[in-house]
Amino acid sequence: MAKLAFSGLKDFLLFAIVCVLALSSSVSARPATFLQDFQVTWSDSHIRQLDGGRAIQLVLDQTSGCGFASKYKYLFGRVSIKIKLVPGDSAGTVTAFYMNSDTESIRDELDFEFLGNRTGQPYTVQTNVYAHGKGDREQRINLWFDPSAEFHTYTIMWNHRHVVFSVDEVPIRVYKNNEAKGIPYPKFQPMGVFSTLWEADDWATRGGLEKIDWSKAPFYAYYKDFDIEGCPVPGPQNCASNVNNWWERTAYQVLSPVEARRYRWVRMNHMIYDYCTDKSRYPVTPPECVAGI
Ligand SMILES: *[C@@H]1O[C@H](CO)[C@@H](O)[C@H](O)[C@H]1NC(C)=O
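Every value quoted in this text rests on a predicted model; they were computed, and no experiment measured them.

> Outline the site of the ligand, supporting the account with residue identities and numerical values.
Every residue lining the ligand is accounted for by L115, N117, Q121, P122, T124, A204, T205, R206 and I272. Taken together, the residues that form the shell around the ligand break down as 4 nonpolar, 4 polar and 1 charged.

> Go over the UniProt feature "glycosylation site" (unreviewed entry) in the chain, please, and point to the residues and values.
Mapped onto the present numbering, the UniProt feature "glycosylation site" (unreviewed entry) falls on N117. Assignment of secondary structure puts N117 in the loop between β6 (109-115) and β7 (124-130). For N117, the residues in contact, after removing those within four places along its chain, are S90, A91, P122 and Y123.

> So what's going on with the nonpolar core? Which residues, and what values?
Soluble globular proteins: nonpolar side chains tend toward being buried together. In this structure, L58, I156 and V163 are the most contacted members of the largest nonpolar core, which totals 57 residues. In terms of residue count, the dominant contributor to this core is strand β4 (residues 66-84) (8 residues).

> Break down the pairing of strand β3 (residues 55-60) for me, with residues and values.
With 5 of its 6 residues buried, β3 lies for the most part within the structure. The hairpin formed by strand β2 (residues 47-50) and β3 contains 4 residues between the paired strands, and D51 there has a positive phi angle of roughly 50 degrees. Both β3 and strand β13 (residues 219-233) contribute to a ladder of 6 bridges, which runs antiparallel. In the strand pairing of β13, A55 is matched with K224.

> Please set out unusual backbone geometry residue by residue, giving values where relevant.
Going from A217 to P218, the amide bond is cis rather than trans, its omega being 0 degrees. For P218, the location among the structural elements is in the loop between β12 (191-199) and β13. In this model, V233 is joined to P234 through a cis peptide bond whose omega is 0 degrees. Backbone geometry places F76, a non-glycine residue, at a positive phi of 70 degrees. A tally of 23 C-beta atoms within 10 Å means that F76 is categorised as buried. Of note, the phi angle at N238 is positive, near 70 degrees, even though the residue is not glycine. Structurally, N238 can be placed in the loop between β13 and α3 (257-269).

> An account of the pairing of strand β8 (residues 139-142) is requested, with residue identities and associated values reported.
Burial of the side chains of β8 is restricted to one face: Q139 and I141 are buried, whereas none of R140 and N142 on the reverse face is. In this sheet, β8 lies alongside β7 in antiparallel orientation, the contact comprising 4 bridges. Directly across from T127, in β8, lies its bridge partner Q139. Bridge count between β8 and strand β14 (residues 271-274): 3 bridges; the pairing is antiparallel. By the bridge assignment, R140 is partnered in β14 with Y273.

> Let's hear about the confidence of the model for the chain: which residues, and what values?
When pLDDT is averaged along the chain, the result is 91, and 89% of the positions lie at 70 or above. Considering only residues more than four positions removed or in separate chains, one finds that residues 17-29, a stretch of pLDDT under 50, has 0 contacts.

> Talk me through the UniProt feature "active site" (unreviewed entry) in the chain; I want residue IDs and the actual numbers.
Mapped onto this numbering, the UniProt entry gives "active site" (unreviewed entry) at E109 and E113. Along the chain, E109 turns up in strand β6. Overall, the presence of 20 C-beta atoms within 10 Å leaves E109 in the buried class. You can see E113 is positioned in strand β6. Among all residues touching E113, those that are not within four sequence positions of it are V94, A96 and Q126.

What counts as what
Residues numbered from 1 in each chain as written. Predicted model: local features only at pLDDT ≥ 70, side-chain atom pairs only at ≥ 80, totals over all residues. Near = placed C-beta within 6 Å. Nonpolar A, V, L, I, M, F, W, Y, C, P; charged D, E, K, R; others polar. UniProt positions renumbered as here; feature names shortened; annotations may be inferred. Helix = DSSP H or I, 4+ residues; strand = E, 2+ residues; numbered from the N terminus. Contact = placed C-beta atoms within 7 Å. Core = buried A, V, L, I, M, F, W, Y, C linked by C-beta atoms within 7 Å. Buried ≥ 20, exposed ≤ 12 C-beta atoms within 10 Å, placed from the backbone. Pairing = 2+ DSSP bridges. pLDDT = per-residue confidence, 0-100.

Structure, rendered in structure tokens:
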């Protein structure tokens, strides 16, 4: 009886500890409000806060598109946002969500670009990676769902080992750190988080084949659950090199078997363009493509 009571107490203490831990982690947990981490950078009148600032509406009309950026830059970490893209006839609209070092000559950049389409035709998601000033690494996929019907989570995960672009829990692109093979990797410059909604029917619709239909304007995209976890710059010294940051841990250094399987599935079934296999652009396969995905 006494023994039972003791183990009951022990259980209770364990339970209490778990509760305290859960509570303390939820104190710092996100999602945050828009203005906590971001500011409007282009056309205030075209970004409306909703739900007490926990969500926003981006507007594109014939007078302007709009954009926002994080207040800080970050060196390694993970950014994720839930986005509901422009519905219906969205051809010629481009919604971008990206990280960028905001430096001209030796730019580092990690891009998600959502290219709208005619009603009923699939959105194209283009990704690109700039490392040490060199980009031209476009890949394109079609999504396996209608991204304008519901919110979906778009994530850029960036650590010392690789960059992973994910849609919901599905990796759609991996750029590995192959510095050992002389391949540039974004590692030295902090990057800000940016997003824009604008019109680009000169290139975004299969080279300008389709024009934006302004009679359908204004176009709206919605964002919520802003989540940036990373080392802010300026911020704590040595944060970026701290191997104890959760995004540097073993579990995030390579894709898990489940993630690897999903990634193969996307490449097999949804990839519509890969610069790695574009022989007309690259008669010699770029080294990072040879080094393995
Ligand atoms: C739009 O749909 C067409 C036809 O399904 C497809 O070929 C194209 O890749 C889609 N995306 C864009 C941006 O045009």
